[in-house]
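Results of the structural survey
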Amino acid sequence: MSSAQAATSEPRRYQLFIDGKFVDAESGKTFQTPNPATGETLAEVAEADKADIDKAVAAARRAFEGKWAKVSARERGRMLYKLAQLIESNAKQLAELETADNGKPIRESLYIDVPATAENFEYFAGWATKIEGETIPVPGQFFNYTLREPVGVCGQIIPWNFPLLMAAWKLAPALAAGNTVVLKPAEQTPTTALELAKLIQEAGFPDGVVNVVPGYGETAGAALASHAGIDKIAFTGSTEVGKTIARAAADNLTKVSLELGGKAPNIVFADADIDQAVNGAMMGIFYNQGQVCCAGSRLFLDERVKDEFLDRFKAKAEKIKVGDPMDKQTLMGPQVSAEQLDRIKSYVTIAREEGATVLTGGGAPAALDEKFRRGYFFTPTIFSDVQNRMRVAQEEIFGPVTSVITFKDEDDLIRQANETIYGLSAGIWTRDVRRAHRFAREIKAGTVWINTFNMMNAASPFGGYKQSGYGREMGRHALEMYTQVKSVWVDLSGKPIGWYGQ
Ligand code: ADP
């Protein structure tokens, strides 16, 4: 892949990656993935469905029971480490392709997505040799110990908002623990996962350990989630599809982990550093065009600072440079697809019908270059006068749209902040240390940010309370999802068991 190629309008071609080879789909079908900034076709990609999923699962099973089982933990760690290095040495090309496929600004792909992808592989490379069992002090003349073993063949279905990084969150712990994988990238953004497959091959992973099968959710995704030949399914995406996946997995009692939607409260108290809080609100909702499951999409403002805060927030939101995602100055690119853009627009109508005020944004940016007129751009948008029970405060919009809700005191706030089906993340801005930590205990969410927002690291667990899912990704916690525990009992006495020797 050359960086010049990523920028040209000549569509690339990609095949499925199964059993260490790039192959066409059994059906011969392909689909196109557009560049969301221009609407032009970026790539033509082989389209997996059930027959290809069957092949990929069989390859993953053979690898799990064959070559991969013989690879030592140290070797697995070295391969993961090498993969991290290969990602770093291909950073520019990967970032450009990520931006061309997803629309996110190049400064994000280059300085956040790709480095974080490498970081995740590097972090889990270190874990491969540190997955251990325990000895248990059971009564009597017995030796009892546990083995922590890989789960087996893992199906992994990922979304389009951080295509490479989501692949890393899923693949890295699974491989560190000795599993094999069938990974289905999102149909909107399949290309970088297939470039990653090339690097996986180069890093020395045996054939079939990782298989990448792009295709649609209702066909390839559904075939994977309901497959009797997989031992675990891991999914990141919408809560609605998460429920479908859990139902599909139930028939085979396949183990499931889900990282789903959110409607995070981002809370500003009157004693906060307002400048920092405004920056945090911007980061909370405009980063990655608001297409972030932990986005701060409910902005709670203390009544006493509401006017001052909104003046500054609105002014800064209106200054955001929306446009060419390949331009390093751009802060917001297009939304990922025409469907997402339509969905976001529909919430502007809903907000007005519900009695909210569109304080700024709510449409297409003015004065885009001719080249980007068919792109899926949307302006940074603030709804004010929102009540927490309104749809715009309860439903995940997944765009650069925040709903401003005011509160009077801490009790009133906690009640409202927890009044949601979601529980992925929350932020609070205050100088009062006691209040900050009280809040961290009382909020029902998997991540709490105090005077910061959207911070993540490969070593720190991430996942949801309530309908935001179950299981934790990253950190040592992720290994729990990709290992299972076996308890082994050994008799040390040589005596008969119970009464049967009498
Ligand atoms: P979004 O709504 O943000 O596009 P989705 O939750 O629909 O996100 O998609 C996330 C991932 O789930 C994608 O890879 C998509 O192809 C897949 N997917 C969608 N529907 C299904 C389904 N019924 N079964 C399995 N996977 C699905």
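Keep in mind that what you see is a predicted model, and the values were worked out from it rather than measured. (Residues numbered from 1 in each chain as written. Predicted model: local features only at pLDDT ≥ 70, side-chain atom pairs only at ≥ 80, totals over all residues. Heavy atoms only, no water.)

Some points on the layout of surface pockets
Where we set the bar: Two kinds of site are reported from a 1 Å grid over the protein atoms alone, namely cavities, where a 1.4 Å probe fits but cannot get out, and pockets, open sets with protein on both sides within 12 Å along at least five of seven lines, and residues are called lining when an atom falls within 4 Å of a point. Grid points are joined across faces, edges and corners, and a volume is the space filled by probe spheres set on the points. Helix numbers and strand numbers start at the N terminus; a helix is a DSSP run of H or I with at least 4 residues, a strand a run of E with at least 2. Where a domain begins and ends is set by an automatic assignment or by a domain database.
A volume near 1,000 Å³ is recorded for the largest pocket. Within the residue set of the lining of the largest pocket, elements represented by two or more residues are helix H9 (217-225), strand E11 (232-236), helix H10 (239-250) and helix H13 (338-354). It is H10 that contributes the most residues to the lining of the largest pocket, six residues altogether. Built from parts of two domains, the lining of the largest pocket gets at least three residues from each of domain 1 (3-260 + 468-486) and domain 2 (265-450).

Details of the domain arrangement of the chain
We count it as follows: It only takes one pair of heavy atoms within 4.5 Å for two residues to be counted as in contact. Defined here as a combined quantity, buried area equals the accessible surface (1.4 Å probe) lost by two parts on assembly, summed across both. Any Lys or Arg side-chain nitrogen located within 4 Å of an Asp or Glu carboxyl oxygen qualifies as a salt bridge. Think of a polar contact as two N or O atoms within 3.5 Å of one another; within protein, one of them needs to be a possible hydrogen donor and the other a possible acceptor, and neighboring residues in sequence only count if both atoms come from side chains. Each residue is assigned to one class: nonpolar for Ala, Val, Leu, Ile, Met, Phe, Trp, Tyr, Cys and Pro, charged for Asp, Glu, Lys and Arg, and polar for all the others, Gly among them.
Taken domain by domain, the chain comprises domain 1 (3-260 + 468-486) and domain 2 (265-450). Here domain 1 and domain 2 have C-alpha centroids that lie 30 Å from each other. On the domain 2 side, the residues contacting the 29 residues of domain 1 number 31 residues. The junction of domain 1 with domain 2 conceals about 2,500 Å² of combined surface from both sides, 59% of it contributed by carbon and sulfur atoms. Taken together, the connections running from domain 1 to domain 2 amount to zero salt bridges. One can count ten residue pairs in polar contact (both at pLDDT 80 or more) joining domain 1 with domain 2. Per-element tally for the side of domain 1 that touches domain 2: the top contributor is helix H6 (residues 106-127), with seven residues. Residues belonging to the side of domain 1 that touches domain 2 are distributed by class as follows: twelve nonpolar, ten polar and seven charged.

Some words on the confidence of the model for the chain
In plain terms, the rule: Every residue gets a pLDDT, meaning the predictor's confidence in that residue, from 0 to 100.
With 98% of its residues at a pLDDT of 70 or more, the chain shows a mean pLDDT of 96. Predicted confidence for residues 1-5 stays below pLDDT 50, and this span has eleven contacts to residues more than four positions away or in other chains.

Some thoughts on the packing of helix H2 (residues 50-65) against H9
Note the cut-off: For every element, the axis is a line fit to its C-alpha atoms; helices are fit only across the contacting stretch, and the angle between N-to-C directions ranges from 0 to 180 degrees. Reported orientations rely on four angle classes, namely roughly parallel under 35 degrees, roughly antiparallel over 145, roughly perpendicular from 65 to 115, and oblique for the rest. Handedness of a helix crossing follows the sense of rotation of the near helix relative to the far helix, less than a right angle counterclockwise being left-handed and clockwise being right-handed.
At a minimum axis separation of 8 Å, H2 and H9 run at an interaxial angle of 40°. On the basis of their axis angle, the class for H2 and H9 is oblique. In terms of crossing hand, the pair formed by H2 and H9 is right-handed. Each of Lys 50, Ile 53 and Val 57 in H2 lies in contact with H9, whose residues at this interface are Ala 220, Ala 223 and Leu 224. Of the residues assigned to the contact of H2 with H9, the class counts are five nonpolar, no polar and one charged.

A few points about the side chain of Lys 170
Assignment of secondary structure puts Lys 170 in helix H7 (residues 163-176). Sequence-distant contacts of Lys 170, that is, excluding residues within four places in its chain, are made with Gln 156, Ile 157, Ile 158, Ala 234, Phe 235, Thr 236, Glu 473 and Tyr 482.

Brief notes about unusual backbone geometry
Phi at Asn 451 takes a positive value of approximately 55°, unusual for a residue other than glycine. Looking at where Asn 451 falls in the secondary structure, it is placed in the loop between strand E19 (447-450) and strand E20 (469-470). The phi angle at Asn 454 is positive, at roughly 60°, despite the residue not being glycine. Mapped onto the secondary structure, Asn 454 falls in the loop between E19 and E20.

Thoughts on the pairing of strand E17 (residues 401-407)
Which entries qualify depends on this criterion: The buried label applies to any residue whose accessible area, calculated with a 1.4 Å probe on protein chains only, is under 20% of its type's maximum; exposed applies above 50%, and partly exposed to all values in between. Each pair of strands is called paired provided DSSP finds at least two bridges between the two strands.
Where burial is concerned, most of E17 is hidden: six out of the seven residues are buried. Pairing between strand E14 (residues 298-302) and E17: five bridges, direction parallel. Among the inter-strand pairings, Arg 298 is bridged to a residue of E17, identified as Ser 403. Pairing between strand E16 (residues 381-384) and E17: three bridges, direction parallel. Bridging from a neighbouring strand, Phe 383 pairs with Ser 403 of E17.

Topic: the site of the ligand
Rule in force here: Any residue with a heavy atom positioned within 4 Å of a molecule or strand is treated as near that molecule or strand. Here the Shrake-Rupley method, with its probe set to 1.4 Å, supplies the accessible areas, and only the displayed protein chains count as covering residues. Throughout, a molecule is located in a cavity or pocket provided that more than half of its atoms lie within 2 Å of its grid points.
Around the ligand, the surrounding shell holds 17 residues, and the nearest of these are Ile 158, Trp 160, Lys 184, Glu 187 and Ser 238. Between the ligand and Lys 184 there is a distance of 2.9 Å, counted from an oxygen atom to a side-chain nitrogen or oxygen. Measuring from an oxygen atom of the ligand, one finds a side-chain N or O atom of Ser 238 at 2.8 Å. Surface burial for the ligand is 84%, taken as the share of its 560 Å² of free accessible area covered by protein chains. One can see that the ligand is located within the largest pocket.

Quick notes on the pattern of salt bridges
Considering all chains together, one arrives at 27 salt bridges under this definition. Here Arg 12 ties to Glu 195 by a salt bridge, and the two come within 3.7 Å at their closest N and O atoms. Of this pair, Arg 12 sits in strand E1 (residues 12-14) while Glu 195 sits in helix H8 (residues 191-202), and the two are 183 residues apart along the sequence. What makes Arg 12 buried here is its relative accessible area of 6%. Across the pair Arg 435 and Asp 271 runs a salt bridge whose closest N-O atoms are separated by 3.2 Å. One end of the pair, Arg 435, is in helix H16 (residues 433-442); the other, Asp 271, is in the loop between strand E13 (265-268) and helix H11 (274-286), and 164 residues separate them in sequence. Take Arg 435: its relative accessible area is 16%, and that puts it in the buried class. Several salt bridges converge on common partners, so that one network encompasses Arg 389, Asp 412, Arg 415 and Glu 419.

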